[in-house]
Amino acid sequence: AAAGLCPCRALLARRGGALRALCGSVRGLAAGQETHFGFQTVTEAERREKIYQVFESVAKKYDIMNDSMTLGIHRVWKDILMHKMNPSPGTLLLDVAGGTGDIAFRFINYVRSVRERQLQRKLKHHQNLSWQEISESYQEDKFKSLGDSQVVVCDINKEMLKVGKQKAQHLGYSEGLSWVLGNAEELPFDDDKFDVYTIAFGIRNVTRIDLALQEAYRVLKPGGRFLCLEFSHVSNPLLSRLYDLYSFQVIPVLGEVIAGDWKSYQYLVESIRRFPPQEELKAMIEDAGFLKVDYQNLNLGIVAIHSGFKL
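What you see is a predicted model; the values in this text were computed from it and never measured.

A short note on the pattern of salt bridges
Scanning the entire structure with this criterion turns up twelve salt bridges. The partner of Asp-67 in a salt bridge is Arg-75, with the nearest N and O atoms 2.8 Å apart. Overall, the relative accessible area of 24% leaves Asp-67 in the partly exposed class. Relative accessible area serves as the criterion here: at 43%, Arg-75 is assigned to the partly exposed category. The partner of Arg-106 in a salt bridge is Asp-79, and the shortest N-O contact between them spans 2.8 Å. You can see Arg-106 sitting in helix α6 (residues 102-124) and its partner Asp-79 sitting in helix α5 (residues 73-85), a full 27 residues away along the chain. The buried category is assigned to Arg-106, whose relative accessible area is 16%. Using a relative accessible area of 35% as the deciding quantity, one classes Asp-79 as partly exposed.

Let's talk about the packing of aromatic side chains
Geometry of an aromatic ring pair is reported as the spacing of the ring centres plus the angle between the planes. The final tally for this structure, using the stated rule, is nine aromatic pairs. Arranged with centres 5.2 Å apart and planes meeting at 35 degrees, the rings of Phe-226 and Phe-290 form a pair that is tilted. Placement of Phe-226 in strand β7 (residues 220-231) and of Phe-290 in the loop between α13 (278-287) and β8 (291-298) is noted, with a sequence separation of 64 residues between them. By relative accessible area, Phe-226 is classed as buried at 0%. Three or more aromatic residues joined by ring pairs form one cluster here, namely Tyr-197, Tyr-217, Phe-226 and Phe-290. A cation over an aromatic ring shows up here: Arg-273 above the ring of Tyr-243, its NZ or CZ 4.7 Å from the ring centre.

Comments concerning the packing of helix α3 (residues 44-58) against helix α12 (residues 262-274)
α12 packs onto α3 with a crossing angle of 120 degrees between their chain directions and a minimal axis gap of 10 Å. By the angle between their axes, α3 is oblique relative to α12. Pair α3 / α12 crosses with left-handed handedness. Side by side, α3 and α12 meet where Arg-47, Ile-51, Val-54, Phe-55, Ser-57 and Val-58 of the first sit next to Ser-264, Tyr-265, Tyr-267 and Leu-268 of the second.

Structural notes on the pairing of β7
A large share of β7 lies buried, amounting to nine of its twelve residues. In this structure, strand β6 (residues 194-200) lies alongside β7, joined through six bridges in parallel fashion. Counted as the bridge partner of Ile-199 is Cys-228 from β7. Following the chain from β6 across helix α9 (residues 209-219) to the adjacent parallel β7, one finds a crossover that is right-handed. Relative to strand β9 (residues 303-309), β7 runs antiparallel, the two being bridged by seven bridges. The residue of β9 that forms the bridge with Leu-229 is Ile-305.

Some details on α13
Residues of α13 that are buried include every one of Gln-278, Leu-281 and Ile-285, and no others. Around the axis of α13, the buried residues are gathered within 65 degrees of arc, so they sit on the same side. Buried residues belonging to α13 abut α9, β7, β8 and β9. Looking one or two residues beyond α13, the residue adopting positive phi is Gly-289, at roughly 115 degrees.

Things to note about the packing of helix α4 (residues 62-70) against helix α11 (residues 251-259)
Each pair of packed helices can be summarised by the angle the axes make with each other and by the distance between the axes. Two numbers describe how α4 lies on α11: the axes approach to 10 Å, and their chain directions differ by 145 degrees. Here the hand of the crossing between α4 and α11 comes out right-handed. Counted together, Ile-64, Met-65, Ser-68 and Met-69 of α4 and Ile-251, Leu-254, Gly-255, Ile-258 and Ala-259 of α11 form the full contact between these two elements. Of the residues belonging to the contact of α4 with α11, the class tally is seven nonpolar, two polar and no charged.

Here is what the cut-offs are and how they apply
- Residues numbered from 1 in each chain as written.
- Predicted model: local features only at pLDDT ≥ 70, side-chain atom pairs only at ≥ 80, totals over all residues.
- Heavy atoms only, no water.
- Salt bridge = Lys/Arg side-chain N within 4 Å of Asp/Glu carboxyl O.
- Buried < 20%, exposed > 50% of the residue type's maximum accessible area, 1.4 Å probe, protein only.
- Helix = DSSP H or I, 4+ residues; strand = E, 2+ residues; numbered from the N terminus.
- Phe/Tyr/Trp six-rings, centres within 6.5 Å; stacked < 30°, edge-to-face > 60°.
- Lys NZ or Arg CZ within 6 Å of the ring centre and 35° of its normal.
- Axes fitted to C-alpha atoms, helices over the stretch in contact; angles between N-to-C directions.
- Parallel < 35°, antiparallel > 145°, perpendicular 65-115°, else oblique.
- Left-handed = near helix turned anticlockwise from the far one by under 90°.
- Contact = heavy atoms within 4.5 Å.
- Pairing = 2+ DSSP bridges.
- Right-handed = clockwise from strand over helix to strand, strands pointing away.
- Arc of directions from axis to C-beta.
- Nonpolar A, V, L, I, M, F, W, Y, C, P; charged D, E, K, R; others polar.

As structure tokens, then:
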């Protein structure tokens, strides 16, 4: 009956099914196309497998290596990302490639602090409340400390998710937090679902960045925000040379000493050099449909935060 009342809907549905089938065929053909794994030339299928193995190998030492490689500065970069997001209670966040939970835990802490400030303001404006009413307000806030906010951590790697879940249990995070095994290039979520999409130090490990950006656009609600924190290209020539020296001569050694894995960290350094510069990534984000796209360089471009909106 619905199709009879609106024949164009049935036609669009058939076309949509044909388009999805075509995209599936294209992805199948793309598996044999050449791409890069660090400085090596490989097929896309080989790249996916190699990157999976890298993160399976480094998962248990991932956090320690992040601290060692960046001298702990990655924590500041992630804090800046969270302040740029400025989530309010009720925000639904999808954190892609966030297996160890760093962004998710910061999101929960941030929203809890916003809720706490809201409660304090509320109580200050009601000076005549009894002790019992104040106590009940605090109890209510205790059980709804996130104000219906939720964060979904999605990662393609089982070992990274396992590490993240263990950290969450150890640190006492459970409310408003869920873990999903999924591919950034083909997310297992409905259209128009999330308020914010984040990907921190993950997009350079995606084989088809264009597909990942299209998926980010698809799962965001109208008005939703895309935020990407990633190593980028240094603008200062002197710093660039020093950064290259540190990256190629020190980081793989740290990988061998701390994680027993030289090759994985050699790849991670090479992947940063092969990643598109700031303006090129900005153009790719715009091509995916995002508007008001901009970026903020941190530490002279060692990393950058790209932002865009689905409008």
